[in-house]
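Next come the chains, spelled out residue by residue.
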Amino acid sequence: MKRVICKISVLMAIVFIAMSCTKKEPKYNGIYKVRIPLEDGQGQYRFTTVELRSVSDIQSMTGSVANLKYGGKVSHEVENLKAKDWGIIDTKISGQNTPSAHFATVGDVLIPTDYTSLLLSTVMYHTEGTKTFYDGFNANDKLEFPYAVIVDPEHIFTDKRFETYPITNNAAYISMLDLFVYHPYKRDELPLGFNGGIVAHEYFHRIFHAKTNFVMTQLADRTAELTPDPQDITDLTPEQLAKVNVLLASALNEGLADYFAYEYSKNPAWMLPSAKKNLSRDVQVKKNVAGNKKQQLKDIVDHNLNEDSPRRRLEQHEIGSIYASFFYRLSNIWGAEKTKIAILNFLPRFAENFTKNRKTDFMSMGETISVFFNDEKLSPDVCSEVLSVFGDELTIQNFKPCKGFEINPPRMVNRGE
Amino acid sequence: MRVLCLFLILMSLNLFGVTSYAADFYLGPQFGKTSYTPPTGEKDRVSEYSYGGDVMAFKGPYGAGFHLSYLPYPTDGNATVSVQQSDLLMTLEAKYRYEFNNHINPYVTFGAGSLYKTVKSSVMGMSEKSSDFYFVQDIGLGIMGVLFKDFGYNAAVKYYQYSNVDGYNYTLSLGYFSSHIL
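Since the structure is predicted, the reported quantities are computational estimates derived from the model, not experimental observations.

What counts and what doesn't
Residues numbered from 1 in each chain as written. Chains lettered and ligands numbered in written order. Predicted model: local features only at pLDDT ≥ 70, side-chain atom pairs only at ≥ 80, totals over all residues. Heavy atoms only, no water. Helix = DSSP H or I, 4+ residues; strand = E, 2+ residues; numbered from the N terminus. Buried < 20%, exposed > 50% of the residue type's maximum accessible area, 1.4 Å probe, protein only. Contact = heavy atoms within 4.5 Å. Areas by Shrake-Rupley, 256 points an atom, 1.4 Å probe, with all protein chains shown as cover. Axes fitted to C-alpha atoms, helices over the stretch in contact; angles between N-to-C directions. Parallel < 35°, antiparallel > 145°, perpendicular 65-115°, else oblique. Nonpolar A, V, L, I, M, F, W, Y, C, P; charged D, E, K, R; others polar. Polar contact = N/O pair within 3.5 Å; in protein donor to acceptor, adjacent residues only side chain to side chain. Pairing = 2+ DSSP bridges. Phe/Tyr/Trp six-rings, centres within 6.5 Å; stacked < 30°, edge-to-face > 60°. Lys NZ or Arg CZ within 6 Å of the ring centre and 35° of its normal. Disulfide = S-S within 2.5 Å. Salt bridge = Lys/Arg side-chain N within 4 Å of Asp/Glu carboxyl O. Core = buried A, V, L, I, M, F, W, Y, C linked by side-chain atoms within 4.5 Å. pLDDT = per-residue confidence, 0-100.

1. Section: the overall build of chain A
Link 1 in the chain: Scanning chain A for helices and strands turns up 9 helices and 14 strands.
Link 2 in the chain: Taken across its 417 residues, chain A has 57% of its residues classed as buried.
Link 3 in the chain: Counted over contacts in chain A with a minimum sequence separation of 6, partners at least 24 positions apart contribute 70%.
Link 4 in the chain: When the accessible surface of chain A is totalled, it reaches about 17600 Å², and 51% of it is carbon and sulfur.

Following this line, the structure appears as structure tokens:
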């Protein structure tokens, strides 16, 4: 019996030594080459070999730009979902896992062997790509890295009545946690994490909040109840006015994010592969603001009250797309670099103006654009563009940067989709 | 390194004289379930069905075998982006059994070999295929024996590991069993 035990022990020892000596250590240091689907700039995606330079461990998706986590729960407690009272009381995250991505190796290129590993690798590539992109014009100044990204969590809004509203097919930046979330994608189009435009769009929100000193997260301003059909700002309380201004500032945030998504992806219809129905986000579709300042105020309040879905942010995206298409056209005149830098420089001015006036004045789209140009004398072609979009509110007479020009701006008839 | 490890395992067979003649022989198709660590980092392993075959020979308590199994994973993703992978596992195994009687032979098993993985990735209707070999090692427990005449069974559970994947392989096999093969 002793002999048998001895033989088994020797055999096991040999095998365990053999097993341990073959344990694979991470063999890729520094740069990982990974094969992921990338857009060719015209909406077609192809598998392409890319380099990940910031990643320290590809299996756990950690690196100097972002750390990716998977699953778990993100829950927002809000006042009342049905009353569209989305003032967020508390946000909790729990149960996230450190990924363990799987790869095959072909030459020195890693091939994700499953969908999750492919998604995580692609999100990691775009987090790195967007950092480089925004570094290109110093937009990341004072922002901290690595930041956190959660892929495929259960993301829910819950109110005090325990009504819940789950979020899917979307992506979000949660400014109070400095956290990015890519929700489970249930549709048959391109999942959002694969869409570089989406990643750049969400990342811009981080920059917007940082450059505006988080004025948007003055959450108490969102909880005021709006009353229909205001004729002027005198019909609104300071709190109601602040809420309307927050909604319109959110639209600006979304519109600028759409413009930067285009600049990163170089595809004007960057959202199309992920949301074919959402044609209005194509920055090439020219739109104009319908109505003067009073009309805009009325429209925003009424839209907000009439919306039958708690996802009122959709409206902000739609209004924002007017800004996006405007900045797209401006970049065609000014060039991308000048436009991008001008937007960055504008954000602190916008924040200052917002903080000062949010409870006393309606910060209409025309006024916002006036703050953007900051009384800078504009060329006739830029003036023409401004007045063609914001002409119901801004005119040669009241828009200082264009005073003295003789321009006949072509007015648009439709606002677009 | 992998060759050296394989050599050590094979040497262990030689050490105990297994490379001489075998007295019992088993050959049969196997059906199994393989669990594996998911890329999501979740602790619970995911399981898929696999199938293949087992060959083994014993002389006294010592045995050697060859295990082959195929694991087709379900397609993962959606209509626009998807990944489909499959594993072909081949291992050489060293075994040690305890003979209660002809019908019940519990054994321990150690294996090493290679896993051939193929990956088909698709985006927007464009696909590409890749493949890779991994060194795989396993350790497990099993039971085999004669059911009647030349018909036998083999059931095993093995813990396996390759790259950053590990899991359990549960297999059941019914097949040809001979005590007079050599």
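2. Describing the side chain of K340 of chain A
Link 1 in the chain: When you line up the elements, K340 of chain A lands in helix 7 (residues 336-357).
Link 2 in the chain: Contact partners of K340 of chain A, with chain neighbours within four places excluded, come to F133, F137, Y259, F260 and E263 of chain A.

3. Focus on the packing of helix 4 (residues 238-265) of chain A against helix 7 of chain A
Residues and elements named next belong to chain A.
Link 1 in the chain: Look at helix 4 against helix 7: their axes get within 12 Å of each other, and the N-to-C directions meet at 170°. Considered as vectors, helix 4 and helix 7 are oriented roughly antiparallel to each other. Counting all contacts with helix 4, which are made through N245, V246, A249, L252, L256, Y259, F260 and E263, the residues of helix 7 involved are A336, T339, K340, I343, F346, L347, F350, F354 and N357.
Link 2 in the chain: Considered class by class, the residues forming the contact of helix 4 with helix 7 number 12 nonpolar, 3 polar and 2 charged.

4. A short note on the side chain of N105 of chain B
Residue and element names in this part refer to chain B.
Link 1 in the chain: Along the polypeptide, N105 turns up in strand 6 (residues 105-123).
Link 2 in the chain: What makes N105 buried here is its relative accessible area of 2%.
Link 3 in the chain: Polar contacts involving the side chain of N105 include one to the side chain of R97, which spans 3.4 Å.
Link 4 in the chain: Within polar-contact distance, the side chain of N105 engages the backbone oxygen of N102 at 3.4 Å.
Link 5 in the chain: Once residues lying within four places of it in the same chain are set aside, the contact partners of N105 are R97, Y98, E99, G142, I143, M144 and G145.

5. Quick word on the sheet that holds strand 9 (residues 109-112) of chain A
All names here are of chain A.
Link 1 in the chain: Strand order in the open sheet formed by 4 strands is 2-1-9-8, with mixed pairing between adjacent strands. Each having just a single partner strand, strand 2 (45-52) and strand 8 (103-106) make up the two edges of the open sheet. Across the sheet, the mean angle separating the axes of adjacent strands is 40° when strand polarity is ignored.
Link 2 in the chain: Strand direction decides the pairing type here: strand 1 (residues 32-39) and strand 2, joined by 8 bridges, are antiparallel. Its bridge partner being in strand 2, E39 is matched across the sheet by Y45.

6. Looking at the packing of aromatic side chains
All names here are of chain A.
Link 1 in the chain: The tally for this structure, following the rule as stated, stands at 46 aromatic pairs over all chains.
Link 2 in the chain: Relative to F399, the ring of F373 has its centre 6.2 Å away and its plane inclined at 75°; by these criteria the two rings are edge-to-face. Linking F373 in helix 8 (residues 365-373) with F399 in the segment after helix 9 (380-390), this pair joins segments that are 26 residues apart in sequence.
Link 3 in the chain: The aromatic ring of F145 is capped on one face by R206, whose charged end is 5.1 Å from the ring centroid.
Link 4 in the chain: Over the ring of W334 we find K338, and its NZ or CZ is 4.3 Å from the ring centre.

7. A few points about the state of the cysteines
Residue and element names in this part refer to chain A.
Link 1 in the chain: Using the criterion set out here, one finds 1 disulfide over all chains in the structure.
Link 2 in the chain: There is a disulfide in this structure between C383 and C402, and the S-S distance comes to 2.0 Å. Of note, the bridge from C383 to C402 carries an S-S torsion of about -105° and is left-handed in sense. One end of the pair, C383, is in helix 9; the other, C402, is in the segment after helix 9, with 19 residues separating them in the sequence.

8. Thoughts on the pattern of salt bridges
All names here are of chain A.
Link 1 in the chain: Applying the stated criterion across every chain yields a total of 23 salt bridges over all chains.
Link 2 in the chain: Of the charged contacts in the structure, one is a salt bridge between D108 and K33, with a shortest N-O distance of 3.1 Å. Residue D108 is located in the loop between strand 8 and strand 9, and its partner K33 is located in strand 1; the two are separated by 75 residues in the primary sequence.
Link 3 in the chain: D108 gets classed as partly exposed once you look at its relative accessible area, which sits at 44%.
Link 4 in the chain: For K293, the salt bridge goes to E367, with nearest N and O atoms at 2.3 Å. Pair noted here: K293 is in helix 5 (residues 293-306) and E367 is in helix 8, with a separation of 74 residues, a long-range link.
Link 5 in the chain: Take E367: its relative accessible area is 25%, and that puts it in the partly exposed class.

9. As for the nonpolar core
Link 1 in the chain: Core analysis: the biggest nonpolar cluster contains 123 residues, and Y134, F327, F373, V386 and F390 of chain A have the highest contact counts within it.
Link 2 in the chain: A total of 15 residues in this core trace back to one element, the largest contributor, which is helix 4 of chain A.
Link 3 in the chain: Beyond its immediate stretch of four places on either side in the chain, V386 of chain A contacts F326, I369, F373, L378, G391, L394 and F399 of chain A.
Link 4 in the chain: Counting 8 residues, the second-largest nonpolar core is a separate cluster that includes M56, M144, V146 and A156 of chain B.

10. Topic: the confidence of the model for chain B
Residue and element names in this part refer to chain B.
Link 1 in the chain: Within chain B, residue pLDDT values average 88, and 86% of them lie at 70 or more.
Link 2 in the chain: In the model, residues 18-22 has pLDDT below 50 throughout and makes 14 contacts with residues more than four positions away in sequence or in other chains.
Link 3 in the chain: For this predicted complex, the interface score ipTM comes out at 0.88, while the overall pTM is 0.88.

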